[in-house]
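Results of the structural survey
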Amino acid sequence: MKSLFLFCILMCSTLFAQPSASHELKEGSISGTVIDAHLNQPLPYVTIVIKNTSNATITGAITQDDGSFKISKLPEGQYSVNIQYIGYKTITQPFKIGKEGYDVNLGKILLEENIAALDEVTVVAEVSSIQQKVDRKVITVGKDLTTSGPTASDILNNIPSVSIDQQTGSLSLRGNQNVRVMVDGKLSNVPVEQLLKQIPSTSIKQIELITNPSAKYNPEGMSGIINIILHKNTNVGFNGNLNLGLTKDIHAKFNSSMDLNYRNGKFNLYGNYGNNIGKNQNYGTIDRPNDNSQQAFDIFNNNKSHLFKFGIDFYADDNNTISVFTNQNSYDGKGLGAVSILRPNMATQAQVFNVLSDNLSSQYNLVFKHNLTKEGEKIDLEVDYNTYTENEASDFTYTNFSFPPNYMDFVDTNREQTTINLDYVNPLSDKAKLEVGLEARLFNTDVHYDSTGKSFNETGAIINTPSTDFNYKRGIYSAYLTYGKTFEKWSYQVGARAESVTDDAKAINYTENSRETIPFKNDYLQVYPSAFLTYTPSDKNSYQASVSRRVDRPGLGQINPIREWSTPLTSSFGNTELQPQFTNSIELNYTRKLEKGSFTGGVFYRIIEDEINQAAFIDRLDLNKTILTYDNFDNTSAYGIELSSTYKPADWWNFNASFDLFSQTQKGISEILNTPIGQEPTVNDIGLTEIKVDNIAYSFRMNNTFKATKKLSFSLFGMYRSEREGLQFTSKPMYFVNTGLRYNFLDDAATFSFNYNDIFNTMKAQFESDLPYRQVGQFNWESNSWNIGLSYRFGGGKYRALQRKNRDQNEKSGGGGIM
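Reading guide: rules and limits
Residues numbered from 1 in each chain as written. Predicted model: local features only at pLDDT ≥ 70, side-chain atom pairs only at ≥ 80, totals over all residues. Heavy atoms only, no water. Salt bridge = Lys/Arg side-chain N within 4 Å of Asp/Glu carboxyl O. Helix = DSSP H or I, 4+ residues; strand = E, 2+ residues; numbered from the N terminus. Buried < 20%, exposed > 50% of the residue type's maximum accessible area, 1.4 Å probe, protein only. Pairing = 2+ DSSP bridges. Axes fitted to C-alpha atoms, helices over the stretch in contact; angles between N-to-C directions. Core = buried A, V, L, I, M, F, W, Y, C linked by side-chain atoms within 4.5 Å. Contact = heavy atoms within 4.5 Å. Phe/Tyr/Trp six-rings, centres within 6.5 Å; stacked < 30°, edge-to-face > 60°. Lys NZ or Arg CZ within 6 Å of the ring centre and 35° of its normal. pLDDT = per-residue confidence, 0-100.

1. Some points on the pattern of salt bridges
Per the counting criterion, the structure on display carries 20 salt bridges. A salt bridge links Glu439 to Arg497; the shortest N-O distance between them is 2.7 Å. Residue Glu439 is found in strand β24 (residues 432-451), and its partner Arg497 is found in strand β28 (residues 490-510); the two are separated by 58 residues along the sequence. Note on accessibility: Glu439 and Arg497 belong to one class, buried. For Arg441, the salt bridge is made with Glu499, and the minimal N-O distance between the two is 3.4 Å. With Arg441 in strand β24 and Glu499 in strand β28, this residue pair connects regions lying 58 residues apart in the sequence. Assessed through its relative accessible area of 1%, Arg441 is described here as buried.

2. Observations regarding the sheet that holds strand β7 (residues 103-111)
Taken in spatial order, the three strands line up as β4-β1-β7 in an open sheet, and their pairing is mixed. The sheet is open, and its two edges are formed by β4 (68-75) and β7, each paired on a single side. Within the sheet, the average angular offset between the axes of one strand and its neighbour, ignoring direction, is 20°. Taken together, the seven bridges between strand β1 (residues 27-36) and β7 define a ladder with parallel strand orientation.

3. Let's talk about the environment of Gln614
By secondary structure assignment, the location of Gln614 is in strand β35 (residues 612-618). Along the backbone, Gln614 and Leu628 are 14 residues apart, and their C-alpha atoms lie at a distance of 6.9 Å.

4. Details of the nonpolar core
Within the largest apolar cluster, 23 residues are counted, with the highest numbers of intra-cluster contacts made by Leu156, Leu171, Ile204, Ile207, Ile226 and Ile228. Contributing elements (two or more residues each) for this core: α3 (152-156), β10 (162-164), β11 (171-173), β12 (179-183), α4 (192-198), β14 (204-210) and β15 (224-230). Contact partners of Ile207, with chain neighbours within four places excluded, come to Lys137, Val138, Ile139, Val141, Ile155, Leu156, Ile159, Ile226 and Asn227.

5. Details of the sheet that holds strand β5 (residues 77-84)
Consider a sheet: its strands pair through backbone hydrogen bonds, and that pairing is either parallel or antiparallel. Reading across the sheet, the four strands line up as β3-β2-β5-β6 and stay open at both edges, with antiparallel pairing between neighbours. Only two strands of the sheet have a single partner each, and these edge strands are β3 (57-62) and β6 (91-97). Sheet twist, expressed as the average angle between the axes of neighbouring strands with direction ignored, equals 25°. Bridge count between strand β2 (residues 47-51) and β5: five bridges; the pairing is antiparallel. Within the sheet, the bridge partner assigned to Thr47 lies in β5 and is Gln84.

6. So, the pairing of β2
When you tally the buried positions in β2, you get five out of five residues, the bulk of the element. Taking every second residue as pointing to the same face, both faces of β2 are buried, with Thr47, Val49 and Lys51 on one and Ile48 and Ile50 on the other. Here β2 runs beside β3; their pairing, made up of five bridges, is antiparallel. Pairing of Ile50 across the sheet is with Thr59, part of β3. The loop that links β2 with its antiparallel partner β3 comprises five residues; one of these, Asn55, has a positive phi angle of about 65°.

7. Thoughts on the side chain of Ser357
Along the chain, the position of Ser357 falls in strand β21 (residues 349-371). With relative accessibility at 10%, the residue Ser357 sits in the buried group. Ser357 has contacts with Tyr331, Asp332, Gly333, Glu390, Asn391 and Glu392, leaving out every residue within four places of it along the chain.

8. Observations concerning unusual backbone geometry
Its identity is not glycine, yet Asn400 carries a phi of approximately 65°, on the positive side. Tracing the chain through its elements places Asn400 in the loop between β22 (378-399) and β23 (407-429). The class for Asn400 is partly exposed, based on a relative accessible area of 48%. For Asp758, which is not glycine, the phi torsion reads 50° and is therefore positive. Mapped onto the fold, Asp758 is located in the loop between β44 (750-756) and β45 (765-769).

9. Remarks on the environment of Lys764
Along the polypeptide, Lys764 turns up in the loop between β44 and β45. Note: C-alpha distance between Lys764 and Met734 (30 residues apart in sequence) is 6.8 Å. For Lys764, the residues in contact, after removing those within four places along its chain, are Met734, Gln778, Phe779, Asn780 and Trp781.

10. As for the environment of Gly789
Looking at where Gly789 falls in the secondary structure, it is placed in strand β47 (residues 786-795). With 543 residues separating them along the chain, Gly789 and Leu246 place their C-alpha atoms 6.5 Å apart. Discounting chain neighbours no more than four positions away, the residues touching Gly789 are Leu244, Gly245, Thr751, Phe752 and Ser753.

11. Some thoughts on the packing of aromatic side chains
Under the criterion given, the structure shown has 26 aromatic pairs. Taken together, the ring pairs in this structure connect Phe353, Phe396, Tyr398, Phe401 and Tyr407 into an aromatic cluster. Here the guanidinium or amino end of Lys309 rests over the ring plane of Phe325, the centre of that ring lying 4.8 Å away.

12. As for the confidence of the model for the protein
Keep in mind that low pLDDT regions are not for reading the predicted coordinates in detail. With 86% of its residues at a pLDDT of at least 70, the protein reaches an overall mean of 82. Ranking the helices and strands of the protein by mean pLDDT puts β22 first, with 95, and helix α1 (residues 2-17) last, with 39. Of the regions scoring below 50 in pLDDT, residues 1-23 engages in five contacts with residues more than four places distant in sequence or in other chains. Per-residue pLDDT stays below 50 along residues 115-124; that stretch engages in 34 contacts with residues further than four places along the chain or on separate chains.

As structure tokens, this is what we get:
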């Protein structure tokens, strides 16, 4: 009604203002091309908003693939054009339609990055882009990556310097698994391996690789931080995105997501839903040549996950904003597997396991932003509360084993995490900025374990497997300060973060007649400094150097004394006395802007103190079995080089390419059997050996996009990963090639995609080991798959809030749409 009322007033005013019926207002247009000021490349899907002198939105549009836009049918008058895009500074420029000109051409409009910008409207581009910022590498996820697979795990495996172990799901950055994963800048209670398989690929907007974070960030993670940013739409009006996907190899996997937002006046409401539903088959073998035995694995999973996100932004006024959101992540998993042991002239032994698990992670977040009098001076208060509950029941059945008998395990996990941040930013001048902040992070974990199984005690007697309660509490209280300044072509930032940490753990083992309590407590205070220096001699060249100190606190799986997993020949346990490891890093980066793209190169070096690594021991009760755990070792070091480029050789060809090489020295311990040939092994044959591995590994990735027509494009992705030597296994080289196509239709509002992954079926995990036994193995998974996807973007048009059907046939049509 309000819009209709204003429209009537406008029409009446126009009629009374005309001196005669024969004189009509002429109409004009505005056009231009939006360019990325850093990459010198056109920006598609940029939001263009036209406002009148009262700052009311009149109409709008978005830029085309070549960055161009044109809005027609603008009556004579004074206007302003507002140009806004994800992570860029908004440009507002006045213009006039009148006798001086009816067709206004703004020419090339250069948009610059706005690091502190809030999330804005998200429209997925055709091609992913990689940008090197001062303290991070930002990958904006395009359709070429979202069609690489249904989950975040599939996308990350195609990202420079990142690799995913397809069997265990473990993530590594620059060859190291000590990396922290965040979602929208927040740590999650969901185990990383599971989290990456639960987030739909189509829900991801950007991925940030923060390899040398400043003192403003939590110092956890030797290799740095991987921050996954989900879509959040804050554009005017009602807008949405719908994505559907189907992946098939042996079994079918379905994924879908929907993003919705409605913004009008002071409120912005947004929601996101995504799911992954599918079955997976994994199989492999491990051979032990010494006794001619073989372990054969066949594992089937049927998993369902659902991710909900809902939030509200309230823009109280120009200086105050309140935002609240919740993430709800549910998971239901069913696993069925068999491990068979084949030996010459012996009956086949087998372990069959059936695992049922479900979990729910709930996050609640509140942010208050207050802008002070000085431009750029602000205070941010954030409170984040996260809960995680998991129930797991496992049924183990044994064939041709004298021990153990069939049994069941039950594990219940409850976690709580509370984070409170208070940040203050003060731009002391146009060239200097001060940032200070306080943070409190409180963790509490309770794990209860029950089993119907049997085990041996220290004397060798068979007893019921003890029940265990494990409680782990951690409190981290920190304060940080950073100061940055710019001198013409030079800029620097220095800072420090002080943290006080209290760790308090307690494991209680219950047997039939006793109760054993194992306490652990560790308090420490550390300061983590950081410094950044940037030299920009020209618009095309930039040099960066940075140093920082970081920490890797033991994860729950590394300290939990409850058995993490078990096969007939291997079991894994945590170590409650594990200490944190510290890393001192230095990085040098160079960025070059090219006429048709950009190039980034970098080197890094780090020293690791009290390194956490794996230790392997022989089970005294069964010398054929191995027990894996963790321990602290001596100081070690690592270095590496990274090269990446985005380039457009021709109008029809665009590619991203990256090469990374790293060298790392790892130390660990392992027990070995020194049994004379022809004799049966005994406990007296067990010896301890220290392992030292000097590993040099590299990988290369290249993602090509070929544009056949304006609506049809093809993609070709290839990756090669060299041999990698670890403490337990040496992984053999791996490579694969993916290809696909995308077709846009319905005026580019819809996209159909087809992807064929691992077209030569070469993606296999091959490995070998000498400790504690000689082993050769290979695992396979559903990599040779095809994927089809459909995405549709809707909403837009004039700035209207759920506009009613037009009943006035004389109403003017708009000049474009806001997506």
